[in-house]
Amino acid sequence: MATLADPPVFRLIERDGAHLVLAAGGGETAHIFVLEPDIVRVMVLPDGEVGFPRTWAIAPGQDDVAYGGRDRFDLRGFSLASYELETDADRLVLTTERLRLELAWRNLRCRWSMRVGDDWRLIAADRPTQAYDFGWWDGRPRHYLKTTTGEAYYGLGERSGSMNRAGGRYRLTNLDAMGYDAETSDPLYKHIPFYMTHTGEGAAFGLFYDTLSDCEFDFGCERDNYHGLYRGFVADHGDLDYYVIAGPAPLEVTQRFTWLTGKPARMPDWVLAYSGSTMAYTDAPDAQAQMGEFLKLCAEHDIPCESFHLSSGYTSIGDKRYVFNWNRDKFPDPSGFVADYVAKGVRLCANIKPCLLRDHPLFEEAHAKGLLIREPDGAPHWVQFWDEVGAYIDFTNPDAAVWWKARVTESLLDYGVAATWNDNNEYEIASPRARIAGAGQPRAAAECKPLQPLLMMRASREAQLAHKPSERPMVVSRSGAVGMQRYAQTWSGDNTTAWKTLRWNLMMGLGLSLSGVSNFGHDIGGFAGPKPDAELFLRWIAAGVLLPRFSIHSWNDDGSANEPWMYAAAVPTVRALLGLRHRLTPYLKECLRRYSDDYAPTVRPLFLTFPDDPACWVEQDVFMLGEQLLAAPAVDEGAETVDVVLPRGADWEDYWTGGRHAGGETVRLACPLDRPPMLLRAGAALPLNLAPAHFNSAAFERGVRIAAPVAGKIGGGWIEDDGTSINGPSAPWRIEGEATEWGITLSVSVSGMLATDRRLTLVLSSSERRPVALSGGHVERERDVAGERLIDIVAL
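Remember, predicted model here, so these are calculated numbers, not experimental data.

**A look at the sheet that holds strand β1 (residues 11–16)**
Taken in spatial order, the eight strands of this open sheet run β1-β2-β3-β4-β20-β17-β16-β13, and their pairing is antiparallel. Taken across any chain shown, the strands that pair with only one partner, and hence form the sheet edges, are β1 and β13 (152–155). For this sheet, the mean angle separating the axes of adjacent strands, direction not counted, is 20 degrees. Pairing analysis gives five bridges linking strand β16 (residues 194–198) to strand β17 (residues 204–209), with the strands arranged antiparallel.

**A closer look at the sheet that holds strand β26 (residues 355–357)**
The sheet built from three strands is open, its strands ordered β26-β28-β27 with antiparallel pairing. Two strands bound the open sheet, and with one partner strand each, they are β26 and β27 (383–385). Going from strand to strand, the sheet's axes swing by 55 degrees on average, the running direction of each strand aside. Two strands pair when backbone bridges link them, and β26 and strand β28 (residues 388–392) are joined in this way by three bridges, in the antiparallel orientation. Directly across from L357, in β28, lies its bridge partner G390.

**Section: helix α3 (residues 287–301)**
The first and last C-alpha atoms of α3 sit 21 Å apart over 15 residues, in line with the 21 Å expected at 1.5 Å per residue. Every buried residue of α3 is listed here: A287, Q288, M291, F294, L295, L297 and C298. Each element contacted by the buried residues of α3 is listed here: β21 (275–277), α2 (279–283), β22 (307–310), α4 (334–343) and β25 (347–352). Positioned one or two residues after α3, D302 has a phi angle of 55 degrees, which is positive.

**Focus: the state of the cysteines**
According to the stated counting rule, one finds zero disulfides in the structure shown. The structure places no disulfide on C215, whose sulfur is separated from the nearest cysteine sulfur, that of C448, by 13 Å. C305 carries a free sulfur, and the closest cysteine sulfur to it, the one in C298, is 4.7 Å from it.

About the thresholds
Residues numbered from 1 in each chain as written. Predicted model: local features only at pLDDT ≥ 70, side-chain atom pairs only at ≥ 80, totals over all residues. Heavy atoms only, no water. Pairing = 2+ DSSP bridges. Helix = DSSP H or I, 4+ residues; strand = E, 2+ residues; numbered from the N terminus. Axes fitted to C-alpha atoms, helices over the stretch in contact; angles between N-to-C directions. Expected span 1.5 Å × (residues − 1). Buried < 20%, exposed > 50% of the residue type's maximum accessible area, 1.4 Å probe, protein only. Contact = heavy atoms within 4.5 Å. Disulfide = S-S within 2.5 Å.

Taken by themselves, the reported measurements are silent on function.
The structure is reproduced here in structure tokens:
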């Protein structure tokens, strides 16, 4: 057995293509996998045995993995890049086109370099003293790296506080963090053990630890005189299996990690519209009537709304929640209720929970069939769930997934419910006694808690696919793990109503996007605590309309509901902001399509698009929506202006005024309540819907906002489809052109089976008066409306 005084000395014992096996005299083993030129994987097994032989995270460019997971030695889907290998008495050196690993035989100490231009740059190194636990500590998977001055760390999914994790310590264990503090609370809902390092020399790389165990990351919070400055990862269970992903551009790292963990799901277009929600309606004794009143008020105030998140009160028996039960006192006619919503163009997304209370009508059936997490003697493993005890469904049992899909279908989908809201699925299990089926490999439930919500959302999605095989499912899940983007949209959970939550939720969302989960939003107005005042409510809406998910939700202390009409004087402003959301929907749709097809995050910190500008690494309350729109929502009470340091490498046009600004400038922008500050990247062509937004209206008028530079190229494209079909027809549009001081020339093209309506309105700022010459179409008319110059054309 290895000791600190006599550490293991490894040697290469096997080389099988992209797979290298190293072993030491005490049975210690390490596996190196050369997967891609920019991805190299290391698995360290102190006792030579794989403790968790399957993974549900790795799906390179694929829609999914097998229900029972993927064998950790399965290398399908990777190119298995060529590499050079050198060895001598002291070390192994492995070199691909993009990465170089220098590994010392003694103690397995690793040094990583990345090609940046023509040079090799050191990006990471194991700390010199005990980077791994080869039996001298507690046997848990550990990895310690030397920390270098100037490094910054980003990722780990949704975390509170600053995007830069340097100096912090974070615990990854999924919790139902009701009313969390968005600046300080930890842990939270999701388990994403991936982070990106930005080195002091300006290059970025990613590090992903493939584990489903509770784990902890320390980014220099801990200090120890005997080890120098270091950062570390420690897991409670499982194996040390990590992936190094080369940059040097941070956008490359995020895209590559998203590719590694699976193709993001495409969802129907109606998901992009405002979604109503509140606990108040379904908790009321006359819930169906209150839900009907919501539709009436949407029509009265002409609030565009295309879905509603049906809170769990519809399942109640007494004051408790019983998934798949319809409370017929609250909802005397579920079919009629759902049909009325569908007739008004509003789809229902029903809340479902994975825990059966001990007096649930289906509890004995589920227990008898072995579908619940259990004690070693087969008894249910009891957990606290809301105000009662119950037992969780064990989704690692395929029979449980089959049972779940049948219940989703008969209790919800057959009634006309369109989507599932997978909630309270954190699986808070601490006892080592709790046992699961483990997809054929029984084990302790605590070893892989995040796998349960991952398989839950998968089962819900499969139920919806089976019910309507040709349509894109809509699934939303609060908790999750690496790979959840393959199934679901998400949100940042039960936030607290406060001004600082608005600011820090935006940071949390950017952390999610950096970590591969880019279809998200926040509970607008705040979920827990007092109801928001009018200003906070409107500022939250103004920020929320610029994110992929937009839902106003609440469980206010006074029993009120956050609703678009909650402040009568503010309703016109709410309508204006929802109109902006409606107008930007084609661009949001295109951002999400590129997320699915190209793994490009929809919402991103400035440094992801402009990594060479040092100012973009300084945190601001701004973000990029796609590549062409910079958003700077006001997040301070009483704000009349916001200051923005514009990224270098592009010029910018104010979306509202048409004012031009050079990259690198600090600009002060007005922030009226109905107009969140936005700037377009010069040369941008953003697809828009110019039809007015109304309740129960599907009107569409194709437009494209042109931000012509003083001189330079113009370009943009988008793909239109029917908004629901999985493999339906489409129509790719493309606009290209150039601007000079004398005029603007544009070329418009469209193709595909849907390209029957070729009308398009070019939208420019009214201050843009240069003549526009068009090829690929003809101009029908030109006019100025509400500060915009509109040119109606028909593409050839």
